[in-house]
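Structure assessment
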Amino acid sequence: MKRYLPLFTTIAFIALLALGIWSGEVPVVWNKAITVCLSCIGIG
Amino acid sequence: MERLRRRSQYIFALLANAYWLFPWRSPIYQGPLKKLCFPGLNCHSCPAATTSCPLGALQNLLATLRPSLQMGQLHIGAYVLGSLGLIGSVAGRMPCGWICPFGLLQKWLFLLPVPKLSFWRPLGRGPYLFLIVFVVLLPLLVVDPLGYGSVWFCKYVCPAGTLEAGIPLLCLDQGLRRAAGWLFAYKFILLILLLIWCTLTSRPFCRAICPLGAIYGLFNRVSWLQLRFHPDRCVQCEACLTVCPTDVSFYNGLDDLNSAACIRCLRCLSVCPSNAVSLEFGPVREDIGKEDVEQFYPKANC
């Protein structure tokens, strides 16, 4: 069983990635990443 | 191998920070590449950053989880966790040793000729603490009346944000300089202390703080890429331990070669004079356990 762990793990995370894309998380990530994060730079 | 790794670190550091138009155009890159999560720690508010930071993105998604669920959107961080998990399931913690720009910085700082301190091993639990508390629990649970949380790790801990984004943006923008207060001062002091620690100890941020390394580390034992130790070939010269940036002591059975602490820099593989370490890609094989190593080298020798 341990032998197939990498395969199961890879499939599981591809599915999770697909879920994230399907649920519309990519534009959310992009919107946050294109604006200056004041918390990150120690302002807000 | 070491030359290849060095080149990889430089190339990825440049690719992650390839937007050099920021003094003339917008203060940060706003193109489509920012939809991708960079596999290493690289603040997406850095003026030159071309991709998003996975830790920042994950915290943002968790901090806005309640409002998004109320609006019927399932934004649980699946995209970020899926990206990280996919990389981790293939290579384990290899991005820490081959890609991460902050890892490269730590390597440079440790080369400075100052007295060196050994790493206090109990601090090795730190990354899990920062991951669970600062990246997951606090953004999820500490929310304002509208249900919005904050990016706790970025705000109160992350030195990459201060170094790559805070300092350059404050230099470029007078308005931000005026707005900087106690929080920036606190983060700046934290950064200086960490940089000093990096000159004294090998990779202290990776080993004691980094939540991204903690995530990748979980995959070290189940990734396609596996390191394999052959104790029958080992001559106990300790060359692997001498070069290991995270002090993984596998030759005497103290640690597992594929333990979460290993950043897969592969220096042990390069320096071993008897080829006692090999790199394999494929289904996980039953590895040599500690008991097997102790059969070859009794505890008295460890």
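What you see is a predicted model, and the numbers here were worked out from it, not measured in a lab. Position numbers for residues start from 1 in each chain and track the written sequence from start to end. Think of it this way: whatever chain is written first is A, whatever ligand is written first is 1, and the rest follow in order. Reporting in this predicted model follows two pLDDT cut-offs: at least 70 for local features of residues, and 80 or more for side-chain atom pairs to be given and counted; totals over whole chains, interfaces and linings ignore these cut-offs and use all residues. Calculated side-chain values reflect all of the structure's heavy atoms, with hydrogen atoms and water omitted.

The subject of this paragraph is the overall build of chain B. Summing up its helical and strand segments, chain B has 16 helices and two strands in all. For chain B, whose C-alpha radius of gyration is 21 Å, the value lies close to the compact-globule estimate of 19 Å for 302 residues. The principal-axis extents of the C-alpha atoms in chain B amount to approximately 65 × 50 × 35 Å. When accessible area is computed with a 1.4 Å probe and restricted to protein chains, residues below 20% of their type maximum are described as buried, those above 50% as exposed, and intermediate ones as partly exposed. In chain B, buried positions account for 54% of the 302 residues. Counting from the N terminus, the helices are the DSSP runs of H or I reaching at least four residues and the strands are the DSSP runs of E reaching at least two. Radius of gyration means the value over C-alpha atoms here, while the globule rule gives 2.2 Å times the residue count to the 0.38 power.

The next subject is the pairing of strand 1 (residues 225–229) of chain B. Regular strands place their side chains on alternate faces of the sheet. All names here are of chain B. Counting buried positions along strand 1 yields five of five residues, so the element is predominantly enclosed. Both faces of strand 1 are covered, namely the face carrying Leu 225, Leu 227 and Phe 229 and the face carrying Gln 226 and Arg 228. Inspection of the sheet shows strand 1 paired to strand 2 (residues 277–281) by five bridges, in the antiparallel sense. Across the sheet, the residue bridging to Gln 226 is Glu 280, located in strand 2. Strands qualify as paired when DSSP identifies two bridges or more between them.

As a further point, take the confidence of the model for chain A. Every residue gets a pLDDT, meaning the predictor's confidence in that residue, from 0 to 100. In this model, chain A carries an average pLDDT of 90, and 100% of its residues clear a pLDDT of 70 or more. Considering each helix and strand of chain A separately, the mean pLDDT is smallest for helix 3 (residues 38–41) of chain A, with a value of 84, and largest for helix 1 (residues 5–22) of chain A, with 94.

Note that an α-helix has 3.6 residues per turn; residues three or four places apart therefore point the same way. The span you would expect from a helix comes to 1.5 Å times its residue count less one. For helix 1 of chain A, with 18 residues, the first-to-last C-alpha span of 25 Å sits near the 26 Å given by 1.5 Å per residue. Regarding helix 1 of chain A, the residues found buried are A:Pro6, A:Thr9, A:Thr10, A:Leu17 and A:Gly20. Viewed end-on, helix 1 of chain A has its buried residues packed into an arc of 95°, placing them on one side of the element. Counted as exposed and oriented over 90 degrees from the buried face of helix 1 of chain A: A:Ile11 and A:Trp22. Residue contacts are defined here by distance: any two heavy atoms, one from each residue, within 4.5 Å place the two residues in contact. Here the buried face of helix 1 of chain A lies against helix 2 (25–33) of chain A together with helix 4 (78–91) of chain B. A:Gly24 occupies a position one or two residues after helix 1 of chain A and carries a positive phi of about 85°. Relevant arc is that of directions from the helix axis to the C-beta atoms, nothing else.

Across soluble globular proteins, nonpolar side chains show a tendency to be buried alongside one another. Residues and elements named next belong to chain B. In plain words, nonpolar cores are sets of buried Ala, Val, Leu, Ile, Met, Phe, Trp, Tyr and Cys residues tied together by side-chain atoms within 4.5 Å. Ranked by size, the top nonpolar core spans 42 residues in total, and within it Leu 41, Val 80, Phe 153, Phe 205 and Ile 209 carry the most contacts. Element by element, the count of residues in this core is highest for helix 2 (residues 54–63), at five residues. With residues up to four places along the chain from it excluded, the contact list for Ile 209 reads Pro 127, Phe 130, Phe 153, Val 157, Leu 194 and Pro 204. One finds Met 94, Leu 225, Phe 229 and Cys 240 within the second-largest nonpolar core, a separate group that totals 23 residues.

In this section: the pattern of salt bridges. Note that side chains of opposite charge can pair when their charged atoms are close. All names here are of chain B. One speaks of a salt bridge when a side-chain nitrogen belonging to Lys or Arg is within 4 Å of a carboxyl oxygen belonging to Asp or Glu. Overall, the coordinates contain six salt bridges over all chains when judged by the stated rule. For Arg 5, the salt bridge goes to Glu 2, with nearest N and O atoms at 3.0 Å. Linking Arg 5 with Glu 2, this pair stays in helix 1 (residues 2–16), spanning three residues, or about one helical turn. For Arg 228, the salt bridge is made with Glu 280, and the minimal N-O distance between the two is 3.9 Å. With Arg 228 in strand 1 and Glu 280 in strand 2, this pair connects stretches of sequence that are 52 residues apart. Overall, the relative accessible area of 14% leaves Arg 228 in the buried class. Using a relative accessible area of 24% as the deciding quantity, one classes Glu 280 as partly exposed. Salt bridges here are not isolated pairs; linked through shared partners, they connect Glu 2, Arg 5 and Arg 267.

Interfaces are often sized by the accessible area lost when the parts come together. Residue and element names in this part refer to chain B. Each domain of chain B was delimited in the assignment, giving domain 1 (54–216) and domain 2 (223–301). Delimitation of the domains relies on an automatic or database domain assignment. Summarising the inter-unit geometry, the C-alpha centres of domain 1 and domain 2 are found 29 Å apart. Facing the 16 residues of domain 1 at the interface are 15 residues of domain 2. Defined here as a combined quantity, buried area equals the accessible surface (1.4 Å probe) lost by two parts on assembly, summed across both. Buried area between domain 1 and domain 2, summed over both chains or domains, comes out near 1,300 Å², and the portion from carbon and sulfur atoms is 53%. Of all residues in domain 1, Arg 93, Arg 121 and Arg 207 give up the largest surface area on contact with domain 2, accounting jointly for 36% of the area buried on that side. Linking domain 1 with domain 2 are two salt bridges, by the criterion used here. With its nearest N and O atoms 2.7 Å apart, the salt bridge here joins Arg 121 to Asp 255.

Residue and element names in this part refer to chain B. Stacked, edge-to-face and tilted are the three classes for Phe, Tyr and Trp ring pairs, Trp counted by its six-membered ring, which pair at centre distances within 6.5 Å; planes under 30 degrees apart are stacked, over 60 edge-to-face, the rest tilted. This model, assessed by the stated rule, comprises 11 aromatic pairs over all chains. For the ring pair Trp 152 and Tyr 156, a centre distance of 5.3 Å and an interplane angle of 40° mean the geometry is tilted. With Trp 152 and Tyr 156 both in helix 8 (residues 152–156) and four residues apart, this pair spans about one turn of that helix. Judged by its relative accessible area of 21%, Tyr 156 is partly exposed. Three or more aromatic residues link up through ring pairs in this structure, and these residues are Phe 130, Phe 134 and Phe 153.

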